[in-house]
Amino acid sequence: IRHLKSPDLFGALDRLPALGTPVSERTFEVLNPSSGEVLAVLPDMGVEETRAAIDKAYVAQPGWAGLTARERSDVLWRWHELIIDHAGDLAAILTAEMGKPFAEAKSEVSHAAAYLQWYAEEANRIYGETIPAPSTDRRMLVIKQPIGVVGTITPWNFPASMVARKISPALAAGCAIVLKPAEQTPLVAGAMFALAHQAGFPDGVVNLIYASEGAGVGRELCSNPKVRKISFTGSTEVGRLLMRQCSDQIKKVSLELGGNAPFIVFDDADIDAAVDGAIQAKFRNAGQTCVSANRLYVQSSVHDEFVEKFVEKVRHVSVGDGFAPGVDIGPLIDIHALTKIESHIADAVAKGGTIRCGAERIGKDGTFFKPTVLTDISSIMAVAQEETFGPLAPIIRFHDADQVVREANDTIYGLAAYFYASNLKRVWRVAEALEYGMVGINTGRMSSEAAPFGGMKQSGIGREGSRHGLENYLEMKYLCMGGI
Ligand code: ADP
């Protein structure tokens, strides 16, 4: 990766002290999705290394939990500052391995740092409670304690902020962690861990596993009794598998899984604002986010105006290498992402959908795809049922406001939903009726370290971010003192 300010720090990502021992002899390659170039060759770690890392975490955890909240907070603060100091390098690594535009990568790194800042502060506010007892001779109270060693698995679409969002509350709570980043994007995680070591986490508190696939590491994290909790972000399919693997030990899980976000434009919406919001919610990260708008519903009387303005803007979304100036969206993560979007388009067209723009690959190298808008979409098409995870916006015309909410809710998922409207009564009624963990009202972007992120139904369990995110990593203990 060219032009790093601190090549020394990041030059040895394959030899991090945090890796856990022994380091295996197998290796795997990390590719730049924009060019196919090999960026790094990393040790491919498996069950043995995972077990070693868990053992280290298990030994280190009580000492970490035994520090004062302020001491833990100080280390998180130092890590936060180091990430800010190295934001440019981290963003460059992120763009190189994942493809997103450099400006977006920088904003993701700031977002990652914001989680560390938030939980450095929150570490000091882990309060218990006292309960008025039903008899005079006893006192009742609740204390909060760290859950223990936490195993975490993160995805490739936000390789820096997912790492921070998962492990900063765990560390603030007094847990030790073992993290396996996605095989496509392990480098920025490695760089963040290198900075964590500089920040001064005691040996064994943060442990990184590089692996070319998740199954073996995942099974060990789920079945090893020294791990008390699994925190996972990724597909619903893998989330289900991990939950099953955790069931033997009733191991706690936090899961942040797939979505099928509806984006609804009602007839009383500000159409220009809705168009801008839809561009954000659909095309940010090339549509590769679990909160990406997956189905756009537009009310009949404003449908044509919305489509015309939207298509015009989509035509101006520029696609290219993440390091090129002025690029809005980069390549898709891999060839599978490309073929999925193509199969969704083919299915929609075969069932009567109309292509309004895009719908083709760009160039021969890389995995670039033109931002695409489809109209005449109906609920029987794959685009309306499944998460596309790409720059494809299918638009469904609707007539009845109650019906659209029923259709929006007719999915196994319940992560994010968006709607644009101005009538106050409608805003409240629709916000309350949508069965989603997060609802964006007149905005296409809502993720923040200060807010609880997570889903209902099969989109997950638990929330990340805000004070609620800390609860995922704390056990509640009731103390009853008698004979007083
Ligand atoms: P995506 O489709 O976004 O790649 P995945 O759920 O497959 O979503 O991947 C998210 C993370 O889960 C990655 O770190 C990946 O390595 C890991 N993973 C994939 N399969 C398994 C598995 N069977 N057990 C544990 N982790 C897995």
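The shown structure was predicted, so the numbers you read here are calculated from the model rather than taken from an experiment. Residue numbers restart at each chain and count upward from 1, following the sequence in its written direction. Side-chain atom pairs in this predicted model are given and counted only at pLDDT of 80 or more, local residue features only at pLDDT of at least 70, and totals for whole chains, interfaces and linings cover all residues.

**Thoughts on the overall build of the protein chain**
As a reminder, the rule being used: Under the scheme used here, helices are H or I runs from DSSP no shorter than 4 residues and strands are E runs no shorter than 2 residues, and both carry numbers assigned from the N terminus. All radius of gyration figures rest on C-alpha atoms, and the globule criterion is 2.2 Å times the number of residues raised to 0.38. We call a residue exposed when 12 or fewer other C-beta atoms sit within 10 Å of its C-beta, buried when the count reaches 20 or more, and partly exposed for counts in between; the C-beta positions come from the backbone.
When helices and strands are tallied, the protein chain shows 16 helices and 20 strands. Its C-alpha atoms give the protein chain a radius of gyration of 23 Å, near enough to 23 Å, the size a compact globule of 484 residues would have. With the principal axes as the frame, the protein chain shows a C-alpha extent of 70 × 60 × 40 Å. For the protein chain, buried positions account for 52% of its 484 residues.

**As for unusual backbone geometry**
Although it is not a glycine, phenylalanine 389 adopts a positive phi angle of roughly 60°. Examined against the element boundaries, phenylalanine 389 turns out to sit in the loop between helix H13 (382–385) and strand S16 (392–398). Overall, phenylalanine 389 belongs to the buried group, with 25 C-beta atoms counted inside 10 Å. Even without being a glycine, lysine 457 presents a positive backbone phi close to 50°.

**Examining the sheet that holds strand S18 (residues 438–441)**
Threshold: Two strands are counted as paired when DSSP detects at least two bridges linking them. All axes here are fitted lines through C-alpha atoms, helices being fitted over the stretch that makes contact, and every angle between N-to-C directions spans 0 to 180 degrees. A pair of residues counts as a contact when their C-beta atoms, built from backbone coordinates, are separated by no more than 7 Å.
With mixed pairing, the 7 strands of this open sheet are ordered in space as S12-S15-S16-S11-S10-S17-S18. Each edge of the sheet is formed by a strand with only one pairing partner; in this case those strands are strand S12 (354–357) and S18. In this sheet, neighbouring strand axes are inclined to one another by 25° on average, regardless of whether the strands run parallel or antiparallel. In terms of strand pairing, strand S17 (residues 416–420) meets S18 through 4 bridges, oriented parallel. Among the inter-strand pairings, alanine 417 is bridged to a residue of S18, identified as valine 439. In the packing of helix H14 (residues 401–409) onto the sheet, the strands contacted are strand S10 (261–265), strand S11 (293–299), S16 and S17, and the crossing angle to S10 comes to about 165°.

**Regarding the sheet that holds strand S19 (residues 460–461)**
The 6 strands lie next to each other as S7-S6-S5-S8-S9-S19, forming an open sheet whose pairing is mixed. Each edge of the open sheet carries a strand with a single partner, namely strand S7 (206–208) and S19. Here 2 bridges tie strand S9 (residues 252–256) to S19, and the two strands are oriented antiparallel to one another. If you follow glutamate 256 over to S19, its bridge partner there is glycine 460. Of the strands in this sheet, strand S5 (149–153), strand S6 (176–180), S7 and strand S8 (227–233) are in contact with helix H2 (residues 47–66), which crosses S6 at around 155°. On the sheet, helix H9 (residues 236–247) packs against S8 and S9 and is oriented at approximately 180° with respect to S9.

**Here we look at the UniProt feature "domain: Aldehyde dehydrogenase" (unreviewed entry) in the protein chain**
Heads up, the rule is: UniProt positions are given in the numbering used here, feature names are shortened, and annotations may be inferred rather than shown by experiment.
Taken from the UniProt record, the annotation "domain: Aldehyde dehydrogenase" (unreviewed entry) applies to residues 25–478. For residues 25–478, the end-to-end C-alpha separation is 48 Å, with 42% helix and 21% strand making up the annotated structure.

**Description of the nonpolar core**
Here is the rule we go by: Joining buried Ala, Val, Leu, Ile, Met, Phe, Trp, Tyr and Cys residues through C-beta atoms within 7 Å gives a set, and that set is a nonpolar core.
Counting residues in hydrophobic clusters, the biggest one holds 145 residues, and the most contacted among them are Ile177 and Met192. Sort the elements by how many residues they give to this core and helix H5 (residues 102–122) lands first, with 11 residues.

**Concerning the site of the ligand**
What counts is decided by this rule: Any residue whose C-beta atom, as set from the backbone, lies within 6 Å of a molecule or strand is reported as near that molecule or strand. When residues are grouped by polarity, Ala, Val, Leu, Ile, Met, Phe, Trp, Tyr, Cys and Pro land in nonpolar, Asp, Glu, Lys and Arg in charged, and all others, Gly among them, in polar.
In the vicinity of the ligand there are 14 residues, among which Gly214, Gly218, Gly234, Ser235 and Val238 approach most closely. For the shell around the ligand, the secondary-structure elements that each account for two or more residues are helix H8 (215–223) and H9. When residues in the shell around the ligand are grouped by element, the largest group, 3 residues, is from H9. Across the shell around the ligand, the residue classes break down as 7 nonpolar, 5 polar and 2 charged.

**Considering the UniProt feature "active site" (unreviewed entry) in the protein chain**
Residues annotated by UniProt as "active site" (unreviewed entry) correspond here to Glu256. Assignment of secondary structure puts glutamate 256 in strand S9.

**Here's the deal with the environment of glycine 320**
Within the secondary structure, glycine 320 sits in the loop between helix H11 (300–315) and helix H12 (335–350). Among the residues examined, glycine 320 registers 19 C-beta atoms within 10 Å and is labelled partly exposed. Once the C-alpha coordinates of glycine 320 and cysteine 290 are considered, the two residues, 30 residues apart in sequence, prove to be 22 Å apart.

**Re the pairing of strand S15 (residues 372–375)**
Across the two faces of S15 the burial is the same, with Thr372 and Leu374 and Val373 and Thr375 all buried. The sheet contact formed by S12 and S15 spans 3 bridges and is antiparallel. Looking at S15, one finds that isoleucine 355 is bridged to leucine 374. In the sheet, S15 pairs with S16 via 3 bridges, with the strands oriented parallel. Each bridged residue has a counterpart across the sheet, and for threonine 372 the counterpart in S16 is leucine 392.

**Here's the deal with the pairing of S10**
To keep things clear, this is the line we draw: With its strands directed away from the observer, a crossover is right-handed exactly when the path from the first strand over the helix to the second travels clockwise.
When you tally the buried positions in S10, you get 5 out of 5 residues, the bulk of the element. Neither face of S10 is exposed, since Ala261, Phe263 and Val265 on one face and Pro262 and Ile264 on the opposite face are all buried. Sheet topology places S10 next to S11; 5 bridges connect them, and they run parallel. If you follow proline 262 over to S11, its bridge partner there is arginine 295. In the classification by handedness, the crossover that spans S10, the intervening helix H10 (residues 271–283) and the parallel S11 is right-handed.

**Considering the packing of H10 against H11**
Under the convention used in this document: Roughly parallel refers to an angle under 35 degrees, roughly antiparallel to one over 145, roughly perpendicular to one between 65 and 115, and oblique to any angle outside these ranges. Note on convention: near helix rotated counterclockwise from far helix by under a right angle means a left-handed crossing. Clockwise means right-handed.
Their axes nearest at 10 Å, the elements H10 and H11 cross at an angle of 50°. With respect to each other, H10 and H11 are oriented oblique. Read as a crossing pair, H10 and H11 show a hand that is right-handed. Contacts from Ile271, Asp272, Ala274, Val275, Ala278 and Ile279 in H10 reach Val302, Glu305, Phe306, Lys309, Phe310 and Lys313 in H11.

**Topic: the environment of arginine 406**
Relative to the helices and strands, arginine 406 resides in helix H14. What makes arginine 406 exposed here is the crowd of 10 C-beta atoms within 10 Å. Each C-alpha atom, one on arginine 406 and one on alanine 433, is 8.7 Å from the other, the two residues being 27 residues apart in sequence.

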